[in-house]
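# Coordinates in review
Read off the chains here:
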Amino acid sequence: VSAVEKKRWTLNDFDIGKPLGRGKFGHVYLAREKKSSHIVALKVLFKSQLKQSQVEHQLRREVEIQSHLRHPNILRLYGYFYDQTRVYLILEYAAKGELYKELQKCKYFSEKRAATYISSLAQALIYCHGKHVIHRDIKPENLLIGAQGELKIADFGWSVHTFNRRQTMCGTLDYLPPEMVESIEHDASVDIWSLGVLCYEFLYGVPPFEAKEHSDTYRRIIKVDLKFPPKPTVSSAAKDLISQMLVKDSSQRLLLHKVLEHPWIVQNADPSG
Ligand SMILES: COc1ccc(C(=O)Nc2ccccc2)cc1NC(=O)CCSc1ncnc(N)c1Br
């Protein structure tokens, strides 16, 4: 694959297959690089749309960040190229597709599956934080599943290097921690909060602070109005872990490496990830 990164690519280097989904700012297609027969996901972004949303710099920073990230639970961005009207991202193909579709189908995950995903995410985030990258957008829509069932963090549309603290509010509020909803300074502990929200959603099928109106979700997040519906398939160890991640004071949230040592993870996560 290192050859994939060096070369000047053009659309003619690829056979384009079926559409995989509508990612951010554009369509994603299954594609095969002709010489190597390497299967990839090709994301097509329209320059006009990037310009009008003023995200060209965001994309450039993203490509820069991604080119240094190598982790089994982070979807690879092998490279990019462009033509007159479009920018193309050459992405790793996640053979088992989108995690949120899987969650919709199963309603909720078993403790083993949920703990395995949370462990993989924690390891990927430890890796990112080690590179001074905080993700800030950990939600089911940005997670994919690889050929062996392993989780892949897929969309870095909003990842930043920790020195850049500017924050633009967008999309669902469900995953934002209090400090972001109150739009004050935040740091890597933002990702811990999102991990807690995800863990809850994997086990209950809905995010913890869901409400009909945005204003109610906002109020529930600020208050950390965390409730665990009676559910036999959810152990007290799981609730203990979630309660240690969804803490208002970001400095009091469980640290990522402590997540990996939590009894619920140790007892339920599949070490192969
Ligand atoms: C490393 O993955 C990315 C890295 C960057 C961006 C991106 O758009 N950045 C961006 C775009 C505009 C402005 C600023 C940033 C997007 C992704 N990833 C995706 O969009 C996921 C595409 S869907 C898919 N992919 C593989 N296998 C499947 N089975 C599927 Br379904």
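The preceding data block contains the structure.
As a starting point, this report considers the structure included with it. Remember, predicted model here, so these are calculated numbers, not experimental data.

Conventions used here
Residues numbered from 1 in each chain as written. Predicted model: local features only at pLDDT ≥ 70, side-chain atom pairs only at ≥ 80, totals over all residues. Heavy atoms only, no water. Core = buried A, V, L, I, M, F, W, Y, C linked by side-chain atoms within 4.5 Å. Buried < 20%, exposed > 50% of the residue type's maximum accessible area, 1.4 Å probe, protein only. Helix = DSSP H or I, 4+ residues; strand = E, 2+ residues; numbered from the N terminus. Contact = heavy atoms within 4.5 Å. Salt bridge = Lys/Arg side-chain N within 4 Å of Asp/Glu carboxyl O. Near = heavy atom within 4 Å. Polar contact = N/O pair within 3.5 Å; in protein donor to acceptor, adjacent residues only side chain to side chain. Areas by Shrake-Rupley, 256 points an atom, 1.4 Å probe, with all protein chains shown as cover. Nonpolar A, V, L, I, M, F, W, Y, C, P; charged D, E, K, R; others polar. Arc of directions from axis to C-beta. Axes fitted to C-alpha atoms, helices over the stretch in contact; angles between N-to-C directions. Parallel < 35°, antiparallel > 145°, perpendicular 65-115°, else oblique. Left-handed = near helix turned anticlockwise from the far one by under 90°. 1 Å grid on protein atoms, 1.4 Å probe; cavity = no way out; pocket = protein on both sides within 12 Å on 5 of 7 lines; lining within 4 Å. Points joined across faces, edges and corners; volume = space filled by probe spheres on them.

## Describing the nonpolar core
Core analysis: the biggest nonpolar cluster contains 53 residues, and Ile118, Leu121, Phe202, Leu203 and Trp264 have the highest contact counts within it. If you tally residues by element for this core, the top one is helix 7 (residues 189-204), at 11 residues. Residues in contact with Trp264, not counting those within four places in the same chain, are Glu111, Ala114, Ala115, Cys199, Leu203, Ser235, Ala237, Ala238, Leu241 and Ala269. Core analysis: the second largest hydrophobic core is formed by 14 residues, Leu45, Val63, Leu77 and Ala94 among them.

## Focus: the pattern of salt bridges
Applying the stated criterion across every chain, the model contains 11 salt bridges. Lys105 is paired through a salt bridge with Glu102; the nearest N and O atoms lie 3.6 Å apart. Here Lys105 pairs with Glu102, and both are found in helix 4 (residues 99-106), just 3 residues apart, close to one helical turn. A salt bridge links Lys152 to Glu150; the nearest nitrogen and oxygen atoms lie 3.8 Å apart. Via salt bridges that share partners, Glu92, Glu150 and Lys152 belong to a single interconnected network.

## Structural notes on the site of the ligand
Taken together, 22 residues lie around the ligand, and Lys43, Glu62, Glu92, Ala94 and Ala154 are the ones closest in. Residue Lys43 places a side-chain N or O atom 2.8 Å away from an oxygen atom belonging to the ligand. One nitrogen or oxygen atom from the main chain of Ala154 is found 2.5 Å from an oxygen atom belonging to the ligand. Here the ligand loses 96% of its free accessible area of 700 Å² to cover by the protein chains. Residue assignment for the shell around the ligand shows that the elements contributing at least two residues are strand 3 (39-46), helix 3 (56-67) and strand 5 (86-92). It is helix 3 that provides the largest number of residues to the shell around the ligand, a total of 4 residues. In the shell around the ligand, the residues fall into 14 nonpolar, 4 polar and 4 charged.

## Some remarks on the environment of Gln244
Along the chain, Gln244 turns up in helix 9 (residues 236-245). In this structure, Gln244 is in contact with Gln252, Arg253, Leu254 and His262, ignoring residues within four places of it in sequence.

## Some thoughts on helix 9
All of the buried residues along helix 9 are Ala238, Leu241, Ile242 and Met245. Angular distribution of buried residues about the axis of helix 9 spans 95 degrees; they occupy a single face of the element. Structurally, helix 9 contributes buried residues whose contacts are with helix 5 (111-130), helix 7, helix 10 (256-261) and helix 11 (263-268).

## What about the packing of helix 7 against helix 9?
Across the interface, helix 7 lies against helix 9 with an axial gap of 8 Å and an inter-helix angle of 150 degrees. Our classification of the angle between helix 7 and helix 9 gives roughly antiparallel. In terms of crossing hand, the pair formed by helix 7 and helix 9 is left-handed. Across the interface between the two elements, Ile192, Trp193, Leu195, Gly196, Cys199, Tyr200, Leu203 and Tyr204 of helix 7 pack against Ala238, Lys239, Ile242 and Met245 of helix 9. Residues that form the contact of helix 7 with helix 9 fall into these classes: 10 nonpolar, 1 polar and 1 charged.

## With respect to the environment of Val190
In this structure, Val190 sits in helix 7. Taking relative accessible area as the criterion, Val190 reaches 0% and is therefore assigned buried. As a C-alpha pair, Val190 and Ile242 span 52 residues in sequence and 14 Å in three-dimensional space.

## Here we look at the layout of surface pockets
A probe as big as a water molecule, rolled over the atoms, marks out the empty space that is left. Estimated volume of the second largest pocket: approximately 280 Å³. Lining the second largest pocket are Lys47, Leu50, Lys51, Glu56, Leu59, Arg60, Val63, Tyr80, Tyr82, Val87 and Leu89. Looking at the lining of the second largest pocket, the element that brings in the most residues is helix 3, giving 4 residues. The residue inventory of the lining of the second largest pocket, partitioned by class, reads 7 nonpolar, no polar and 4 charged.

## Some details on unusual backbone geometry
Backbone geometry at Gln54 places phi at a positive 50 degrees, although glycine is not the residue there. Note that Gln54 resides in the loop between helix 2 (47-52) and helix 3. A relative accessible area of 57% places Gln54 in the exposed class.

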